[in-house]
Amino acid sequence: MIVLAIGATGSIGRYVVEAALAAGHTVRALVRDPARADFPAAVEVVVGDVTKPETLGAALAGIEAVVFTHGSDGGGKAGSRAVDYGAVRNVLAALDHPVRIALMTAIGVTNRTGVYNETTESHDWKRRAERLVRASGHEYTIVRPGWFDYNGAEQLQVVFQQGDSGGLTSSTPKDGVISRRQIAQVLVDSLTSDGARHKTLELVAETGPAQTDLEPLFTALIADPAGSLDAVADVDNQPLADEPAEVLTDLEAVREG
């Protein structure tokens, strides 16, 4: 596949590029700063900015899949809106052909009352981005990883969970841990997995060796309900009636597209 990595120069995006190359994909990396694009020669580097839709055409042309690992990186409420959500909205709006999507958000994304979300609104905007992907009609997998690289050396057994509620409210590594490299591998593997289609999962690691084949884990998951904006078993605490007008407009636009 021709795979576009968004967030390619980030701490997980770099592993996505590595995993996609190892899987035999043709990899294109979207970057804002070419000076940071120290990738292998096989990677096609395209300069663009996810917050500026007019810069995305060259990056999206001819791709067959896109992996999102972008993040607002301490940008507060404005950054969450412009980047965590805006990147997904802008890419979906600019796409003119079907693609396979792997979107990384966060474990605990349905927790709206924690200090982190109340300060940044990051969970709310990431969840809105998930909803856009589900409404878009593209094939997708949404991965909600635990805390990056808080796992011990013996914690390499990948576990897929579903139902982002109950016990995922500590906003600490107690909610789950996973290595950055394994997050990237799950995202890349999902692109070619029949079992991963239209599924949303929480990703953590437990004590044990890493698996070499993730297909049984993808297959065992329950798909998101057809036509639903939320994942299977998600807590119903972000009603559409209370959403900003721009979000409702974006949802209508992506459905019509």
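Remember, predicted model here, so these are calculated numbers, not experimental data.

A.B. asks: Please give an account of the pattern of salt bridges that cites residues and values.
C.D. replies: Proximity of charged atoms lets side chains of opposite charge pair with each other. On inspection of all chains with the given rule, the structure shows 22 salt bridges. A salt bridge links R131 to E243; the nearest nitrogen and oxygen atoms lie 3.7 Å apart. With R131 in helix α5 (residues 122-135) and E243 in the loop between α7 (215-220) and α8 (245-256), the pair connects residues that are 112 residues apart, well separated along the chain. Assigned by exposure class, R131 and E243 land together as buried. Across the salt bridge formed by R197 and D194, the nearest N and O atoms sit 3.2 Å from each other. Through salt bridges with shared partners, a single network forms among E130, R134, R144, E202, D224 and D234.

A.B. asks: So what's going on with the sheet that holds strand β8 (residues 157-161)? Residues and values would help.
C.D. replies: If you trace the eight strands from one edge of the open sheet to the other, you get β3-β2-β1-β4-β5-β6-β10-β8, paired in mixed fashion. Among the strands making up the open sheet, the edge pair consists of β3 (44-47) and β8. Here the strands of the sheet are splayed against their neighbours by 25° on average, with no regard to which way each runs. Pairing analysis gives five bridges linking strand β6 (residues 139-145) to strand β10 (residues 199-206), with the strands arranged parallel. In the strand pairing of β10, P145 is matched with L203. Of the strands in this sheet, β1 (2-6), β4 (65-68) and β5 (100-104) are in contact with helix α3 (residues 76-94), which crosses β4 at around 170°. Each of β5, β6 and β10 is contacted by α5, which is oriented at about 160° to β6, the strand it contacts most.

A.B. asks: Talk me through the nonpolar core; I want residue IDs and the actual numbers.
C.D. replies: Formed by 35 residues in total, the largest nonpolar core has its most connected members in V16, F39, F160, V186, L187, L203 and F218. Counting residues per element, this core draws most heavily on helix α6 (residues 180-190), at five residues. Membership of the second largest hydrophobic core comes to 31 residues, among which are W125, A129, I142 and L251.

A.B. asks: Before we move on, could you go through the packing of helix α1 (residues 13-22) against α6 and cite the residues and values that matter?
C.D. replies: Running from amino to carboxyl end, α1 crosses α6 at an angle of 50°, the nearest separation of the two axes being 8 Å. Judged by the angle between their axes, α1 and α6 are oblique. Note that α1 runs across α6; the crossing there is right-handed. Of the residues in α6, those in contact with Y15, V16, E18, A19 and A20 of α1 are R180, R181, A184, Q185, L187 and V188. Its residues assigned to classes, the contact of α1 with α6 shows seven nonpolar, one polar and three charged.

A.B. asks: Break down empty space enclosed by the protein for me, citing the residues and quoting the values.
C.D. replies: Applying the stated rule across the entire model yields one cavity of 30 Å³ or more. Computed from the structure, the largest cavity encloses a volume of approximately 30 Å³. Around the largest cavity, the lining residues are H70, D84, L103, M104, T105, K126 and A129. Of all the elements in the fold, those that place two or more residues in the lining of the largest cavity are β5 and α5. Tallied by class, the residues present in the lining of the largest cavity amount to three nonpolar, two polar and two charged.

So, how was this worked out
- Here the residue numbering is sequential within each chain, running from 1 through the sequence in written order.
- Given that the model is predicted, a residue must reach a pLDDT of at least 70 before its local features are reported, and side-chain atom pairs must reach 80 or more before they are shown or counted; all residues, however, enter totals for whole chains, interfaces and linings.
- As a rule here, side-chain values cover all heavy atoms of the structure and leave hydrogens and water aside.
- By convention in these notes, a salt bridge is any Lys or Arg side-chain nitrogen within 4 Å of a carboxyl oxygen on Asp or Glu.
- The helix count covers DSSP runs of H or I at least four residues long, the strand count covers runs of E at least two residues long, and both are numbered beginning at the N terminus.
- Summary of the burial criterion: residues with accessible area below 20% of their type's maximum are buried, those above 50% are exposed, and those between are partly exposed, where the area comes from a 1.4 Å probe applied to protein chains only.
- Being paired, for any two strands, means DSSP has found at least two bridges between them.
- Angular values range over 0 to 180 degrees, each being the angle between N-to-C directions of two axes fitted as lines to C-alpha atoms, with helices fitted over their stretch in contact.
- Residues count as neighbours in contact if any of their non-hydrogen atoms are within 4.5 Å of one another.
- Remark: nonpolar core denotes a set of buried residues (Ala, Val, Leu, Ile, Met, Phe, Trp, Tyr, Cys) joined through side-chain atoms within 4.5 Å.
- When an angle is under 35 degrees it counts as roughly parallel; over 145 it counts as roughly antiparallel; between 65 and 115 it counts as roughly perpendicular; any other value is oblique.
- Helix crossings are classified by the rotation of the near helix relative to the far one: an anticlockwise turn of less than a right angle makes the crossing left-handed, while a clockwise turn makes it right-handed.
- Under this grouping Gly is polar, as are all residues other than the nonpolar Ala, Val, Leu, Ile, Met, Phe, Trp, Tyr, Cys and Pro and the charged Asp, Glu, Lys and Arg.
- The distinction between a cavity and a pocket rests on a 1 Å grid over the protein atoms alone: a 1.4 Å probe fits inside a cavity but cannot get out, while a pocket stays open yet meets protein on both sides within 12 Å along at least five of seven lines, and a residue with an atom within 4 Å of a point counts as lining.
- Grid points are joined across faces, edges and corners, and a volume is the space filled by probe spheres set on the points.

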